[in-house]
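Close look at the chain arrangement
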Amino acid sequence: MTTADDHITIRPPSAWQRMMANGQLRMLVIFVPPAIVVFTIFVMLPMLQAGFFAPYKWSGYGPAPWAFNEDTGRDFGTWIGAQNFDRFSGHSAFQTAFKNTILVIAVSLIIQLPIALLLALMIYNNSRINTVFRLIFFLPYIMAEVATGLIFSFVLDGNYGLSKWISDLMGMEEAFFPLAEKPWAFYSILAVIVWKYFGFHMMIYIAGLQSISREMLEAASIDGAKTVQKAVYIQIPLLWPAITISIFYSVLGGLQVFDLVMPMTAGGPSNSSHTLVSYLYNFGFIRLNVGFGSAVGVFLFAVGVIFALVYRNTVQRGQ
Amino acid sequence: MPTFGWRQATRIIVLMLVTFAILFPLSATVLGGFKTQGDLTTNPFLFPRNWHLEFYHGILVDPDFWRYLWNSLFISFVTTLITVIVASMAAFTFSHMRFFGSEYIFGYLLMGLMFPFAAAIIPLFIKVRDFGLVDTPWGVIVPQVAFGLAFSTLLFRTFFDELPRELFEAARVDGCGYARFYLSFTLPLSTPIIATVATFIFVGSWNNYLLPLIMLNSSENITWPLGMLQFQGEYIVEWNKILAFVTLSLAPAIVFFLAAQKYIVAGLTGGAVKG
């Protein structure tokens, strides 16, 4: 609607002017960039670069594998296409590492999570004695992995620890070193993983159980439900969001097991106890095979991200 | 009306067994530091025949031991401080401003939550090397900050979103700018979430092994997990010394972390149950 008075209307300030006036722009320029810049340079770029480095043979010398080295008259790295992927996928140590990593995830899901759930159901009520149990069960989680690994290298040392004790009890002639025996080395690591992380999952479940309304459980009790029935028909179904989260952590954490492996076996004996990350460290980083290590990294990244995306959009949808 | 039935009995037996499984290796570690090699061989788990203090003493007077702890403390403290500042500033902006693309930028940061960190360690090493930060504390601090940002920003933002809006509007009417509001209202009101994020980042940094392993190499600069493995390498079969070292380096952290347990658990569930 136009009238004769229109020429004296005052235009409302544009969004831009409003931002300038109340200091929003200044905040935008100062508050957000540090996070974005640091995250981009040290998280996003290295992830992308793993993809760019993967088709090269490169020792890490020089700025980039595709940069020209004036001294030698050639590039710093050599393009070898998919060879790095072929090499690791055909490498028996890699196949073992991959199998071991799957085993970690399987043990976490099949053994560790049920233990954590059972214990959570036992001690979720707030009483003084339960608080003590919670504190003790949580203890392994807050200990550094490396220290945990060292402690268990002692416990499982054939000359000193539990293993000597057992082999003495059974009257065995020779000392048994589980960490130096082929199937046992990785089984030991698996056991320590359960020992170390069940408390973490238990705490997630306890928080979930405590948020379930008491009235519902009391109503069920009045209707004659037993402890087990309450757990199966009320508590565990209502705990499903917490369980999906602990499954997520188990898989993404299981993919990255490394710290425990180094002090316990360092991947041995004869590369039988590597995980994906310890394989990457040993064959990529230590030998400075940048391209090769990056290719393994791309594989690890792909497995992790595909799992995360699929999981978020199926199991965790709507949560 | 709790009757002491068989179910109650099983419950207690199970809890005691788990407690035993956890405390047994730990007590063996603490006690092992008081034993001679001979005692340790014949009696690895129980009380020492004679209590020897010299192994613990030897570590307490070892300047290397204190230097490892100091390096870890410095790296963890600075990592925590920077992460809290940078993440809370970003979260504050995301919480108070809707600008073009703001949700995309926030989503971009959150992508960090699903990356397996170890996948990029080699390019990360090259990046840190190109910045000239290898074998300096900053070579560990800056990547740690970067990898902690996704989680921290998410926790801060969830908390800031629940602070009362009226407060902000009232302050604006009185002429309080964003930066002032952030410093004198948001941060003081956010001590629980700051404690949660800070504890979480601190624990992660204190226990971190892979990143310092890649970035640090001189014995001047290494953190305690690396120092501990180096010590083990030197005294490879002298388990009593190694166990004393493990005990002494774990003890302060365990005391602190158990005291801060509330915040660790809040971090586990805050980022999780709502995510």
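Looking at an unreviewed UniProt entry, one finds chain B named Thiamine ABC transporter ATP-binding protein, with Actibacterium mucosum KCTC 23349 as its source organism. UniProt lists a comment for chain B under the heading Subcellular location (unreviewed entry), and it reads "Cell membrane". Taken directly from UniProt, the Sequence similarities (unreviewed entry) text for chain B runs: "Belongs to the binding-protein-dependent transport system permease family."

Under an unreviewed UniProt entry, chain A has the name Sugar ABC transporter permease and belongs to Actibacterium mucosum KCTC 23349. In its Subcellular location (unreviewed entry) section, the UniProt record describing chain A reads: "Cell membrane". According to its UniProt record, chain A has this under Sequence similarities (unreviewed entry): "Belongs to the binding-protein-dependent transport system permease family."

So, the overall build of chain A
In terms of helices and strands, chain A carries 15 helices and four strands. Computed over the C-alpha atoms, the radius of gyration of chain A is 28 Å, more than 25% above the 20 Å expected from 2.2 N^0.38 for a compact globule of 319 residues. Across the 319 residues that make up chain A, the buried fraction comes to 40%. Across chain A, every contact between residues at least 6 apart in sequence was considered, and the portion connecting residues at least 24 apart equals 65%.

Digging into the overall build of chain B
Regarding its fold elements, chain B presents 14 helices and zero strands. Beginning at the N terminus, the succession of helices and strands in chain B can be written as α-α-α-α-α-α-α-α-α-α-α-α-α-α. Relative to its length of 275 residues, chain B is extended, with a C-alpha radius of gyration of 24 Å against a globular reference of 19 Å. With the C-alpha coordinates of chain B rotated into their principal frame, the extents come out at 75 × 65 × 35 Å. Taking all 275 residues of chain B together, 47% fall into the buried category.

A look at the UniProt feature "transmembrane region" (unreviewed entry) in chain A
Taken from the UniProt record, the annotation "transmembrane region" (unreviewed entry) applies to residues 27-48, 102-123, 135-156, 184-207, 238-258 and 278-311 of chain A. Secondary structure across residues 184-207 of chain A divides into 100% helix and 0% strand, with the first and last C-alpha atoms of the span separated by 35 Å.

A short note on the interface of chain B and chain A
The partner chain A presents 76 residues to the 76 residues of chain B that form the contact. For the side of chain B that touches chain A, the per-class residue count stands at 59 nonpolar, 13 polar and four charged.

Considerations on helix 1 (residues 6-32) of chain B
With 27 residues, helix 1 of chain B should cover 39 Å at 1.5 Å per step; its first-to-last C-alpha distance of 38 Å lies within 8% of that length. At Leu23 of chain B, helix 1 of chain B shows its maximal kink, close to 30 degrees; a proline, Pro25 of chain B, follows between one and four residues later. Val18, Pro25, Ala28, Thr29, Leu31 and Gly32 of chain B are the residues of helix 1 of chain B that are buried. Buried-residue contacts for helix 1 of chain B involve helix 5 (92-123), helix 6 (128-142) and helix 7 (145-155) of chain A together with helix 2 (37-42) and helix 13 (239-259) of chain B.

With respect to the nonpolar core
Among the nonpolar cores identified, the biggest contains 166 residues, and Ala120 and Tyr205 of chain A together with Leu149 and Val197 of chain B are the most heavily contacted of them. For this core, the leading source of residues is helix 9 (residues 182-210) of chain A, giving 16 residues. No fewer than three residues from each of domain 1 (6-55) and domain 2 (63-273) of chain B sit in this core. Each residue touching Val197 of chain B, except ones within four places of it in the same chain, is listed here: Val84, Ala87, Ser152, Leu155, Phe156 and Gly267 of chain B.

Re helix 10 (residues 214-222) of chain A
For helix 10 of chain A, the buried fraction is low: zero of the nine residues fall into the buried class. Remark: Gly224 of chain A follows helix 10 of chain A within two positions and exhibits a positive phi of approximately 95 degrees.

Section: the packing of helix 7 of chain A against helix 13 of chain B
Interaxial distance between helix 7 of chain A and helix 13 of chain B falls to 11 Å at its minimum, and their mutual angle equals 150 degrees. Regarding the angle of helix 7 of chain A to helix 13 of chain B, the classification is roughly antiparallel. In this structure, the crossing between helix 7 of chain A and helix 13 of chain B has a hand that is left-handed. For the pair formed by helix 7 of chain A and helix 13 of chain B, the contact residues are Ala147, Leu150, Ile151 and Phe154 of chain A on the first element and Trp239, Ile242, Leu243, Val246, Ser249 and Leu250 of chain B on the second. Looking at side-chain class alone, the contact of helix 7 of chain A with helix 13 of chain B contains nine nonpolar, one polar and no charged residues.

Observations regarding the environment of Phe133 of chain A
The residue Phe133 of chain A is located in helix 6 in this model. What makes Phe133 of chain A partly exposed here is the crowd of 18 C-beta atoms within 10 Å. Taking C-alpha positions, Phe133 of chain A is 7.5 Å from Ile123 of chain A, a pair spaced ten residues apart along the chain. What Phe133 of chain A contacts, discounting residues up to four positions off in sequence, is Ile123 of chain A together with Leu15 and Thr19 of chain B.

A word on the domain arrangement of chain B
All names here are of chain B. In terms of domains, chain B is made up of domain 1 (6-55) and domain 2 (63-273). Computed over C-alpha atoms only, the centres of domain 1 and domain 2 are separated by 34 Å. If you look at the interface, domain 1 gives nine residues, while domain 2 gives eight residues. Among the elements of the structure, helix 1 and helix 2 are those that each provide at least two residues to the side of domain 1 that touches domain 2. Among the elements that line the side of domain 1 that touches domain 2, the one with the most residues is helix 1, at three residues. Each residue belonging to the side of domain 1 that touches domain 2 can be placed in one class, and the counts come to three nonpolar, five polar and one charged.

Notes on the packing of helix 5 of chain A against helix 12 (residues 240-254) of chain A
All names here are of chain A. Where helix 5 contacts helix 12, the two axes come as close as 8 Å, and the packing angle between them is 155 degrees. In terms of axis orientation, helix 5 runs roughly antiparallel to helix 12. Like other packed secondary-structure pairs, helix 5 and helix 12 cross with a definite hand, here right-handed. Counted together, Thr101, Val104, Ile105, Ser108, Leu109 and Leu113 of helix 5 and Ser246, Ile247, Ser250, Val251 and Gly254 of helix 12 form the full contact between these two elements. Each residue belonging to the contact of helix 5 with helix 12 can be placed in one class, and the counts come to six nonpolar, five polar and no charged.

Focus on the confidence of the model for chain A
Summarising the model, chain A shows a mean pLDDT of 87, and 92% of its residues fall at 70 or more. Within chain A, no element has a lower average pLDDT than helix 1 (residues 15-21) of chain A, which sits at 61, and none a higher one than helix 5 of chain A, at 95.

So, how was this worked out
Residues numbered from 1 in each chain as written. Chains lettered and ligands numbered in written order. Predicted model: local features only at pLDDT ≥ 70, side-chain atom pairs only at ≥ 80, totals over all residues. UniProt positions renumbered as here; feature names shortened; annotations may be inferred. Helix = DSSP H or I, 4+ residues; strand = E, 2+ residues; numbered from the N terminus. Rg over C-alpha atoms; globule rule 2.2 N^0.38 Å. Buried ≥ 20, exposed ≤ 12 C-beta atoms within 10 Å, placed from the backbone. Contact = placed C-beta atoms within 7 Å. Nonpolar A, V, L, I, M, F, W, Y, C, P; charged D, E, K, R; others polar. Expected span 1.5 Å × (residues − 1). Bend = angle between axes of the 7 residues up to and from the residue. Core = buried A, V, L, I, M, F, W, Y, C linked by C-beta atoms within 7 Å. Domains from an automatic or database assignment. Axes fitted to C-alpha atoms, helices over the stretch in contact; angles between N-to-C directions. Parallel < 35°, antiparallel > 145°, perpendicular 65-115°, else oblique. Left-handed = near helix turned anticlockwise from the far one by under 90°. pLDDT = per-residue confidence, 0-100.

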